[in-house]
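The lines below spell out each chain.
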Amino acid sequence: QVQPVESGGGLVQPGGSLRLSCTSPRDIFSADTVGWHRQAPGSRRELVASVTKSGNTYYQDIAEGRFTVSRDRVMNTVYLQMNSLKPEDTAVYYCAAGPNKYTYWGQGTQVTVSS
């Protein structure tokens, strides 16, 4: 079992916040680039944000200024802090990891933004 495991999804009101977590049996802190992706019903899966093993971060426009990706070496966990959530952020969020490409994918965690 080398697939990442996501947690932290749920139902939140517009404007609210959630923090997603991604952990793995692999050393995703030192060895992998980790990307948070999402897929809404009827839409293609898209990359939201990522962090490289050297700590460089990347954000899609949809996430810029609202989402923050961070890592914890001790916990071997990558987080996605999501603030100012909008209904259009509703999707299944996936963590993917790998040394050169997104080889290992988690099962996803549902995020629903609704009043």
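To be clear, the structure that these remarks concern was listed above.
The present account deals with the structure reproduced in this document. None of these values were measured; they are calculated from a predicted model.

1. Some remarks on the pattern of salt bridges
Scanning all chains against the criterion turns up 4 salt bridges. A salt bridge links Glu46 to Arg38, with the nearest nitrogen and oxygen atoms 2.9 Å apart. Judged by its relative accessible area of 6%, Arg38 is buried. The closest approach of N and O atoms between Arg66 and Asp89, which form a salt bridge, is 2.7 Å. Of this pair, Arg66 sits in the loop between β6 (57–59) and β7 (67–72) while Asp89 sits in the loop between β8 (77–82) and β9 (91–98), placing them 23 residues apart in sequence. In this structure, a network of salt bridges that share partners links the residues Arg38, Glu46, Arg66 and Asp89.

2. A look at the sheet that holds strand β1 (residues 5–7)
Pairing is antiparallel across the open sheet formed by 4 strands, whose spatial order is β1-β3-β8-β7. Of all strands in the sheet, those with a lone pairing partner are β1 and β7, marking the two edges. Across the sheet, the mean angle separating the axes of adjacent strands is 20° when strand polarity is ignored. Alignment of β7 against β8, held across 6 bridges, turns out to be antiparallel. Within the sheet, the bridge partner assigned to Arg71 lies in β8 and is Val78.

3. Considering the side chain of Asp32
By the element assignment, Asp32 lies in the loop between β3 (18–23) and β4 (33–39). Of the polar contacts made by the side chain of Asp32, one reaches the side chain of Arg26; its length is 2.9 Å. Those residues within four positions of Asp32 in sequence are excluded, and the remaining contacts are Arg26, Asp27, Val51, Thr52, Lys53, Ala97, Gly98 and Pro99.

4. Some remarks on the packing of aromatic side chains
Using the criterion set out here, one finds 2 aromatic pairs in the structure. Residues Tyr94 and Trp105 carry aromatic rings whose centres are separated by 6.5 Å and whose planes lie at 70° to one another, so their mutual orientation is edge-to-face. Within this pair, whereas Tyr94 is found in strand β9, its partner Trp105 is found in strand β10 (residues 104–105), the two being separated by 11 residues in sequence. Judged by its relative accessible area of 13%, Tyr94 falls in the buried class. Ring geometry for Tyr102 versus Trp105: centroids 6.4 Å apart, planes at 70°, classification edge-to-face. Judged by relative accessible area, Tyr102 falls into the partly exposed class, the value being 26%.

How each quantity is defined
Residues numbered from 1 in each chain as written. Predicted model: local features only at pLDDT ≥ 70, side-chain atom pairs only at ≥ 80, totals over all residues. Heavy atoms only, no water. Salt bridge = Lys/Arg side-chain N within 4 Å of Asp/Glu carboxyl O. Buried < 20%, exposed > 50% of the residue type's maximum accessible area, 1.4 Å probe, protein only. Helix = DSSP H or I, 4+ residues; strand = E, 2+ residues; numbered from the N terminus. Pairing = 2+ DSSP bridges. Axes fitted to C-alpha atoms, helices over the stretch in contact; angles between N-to-C directions. Polar contact = N/O pair within 3.5 Å; in protein donor to acceptor, adjacent residues only side chain to side chain. Contact = heavy atoms within 4.5 Å. Phe/Tyr/Trp six-rings, centres within 6.5 Å; stacked < 30°, edge-to-face > 60°.

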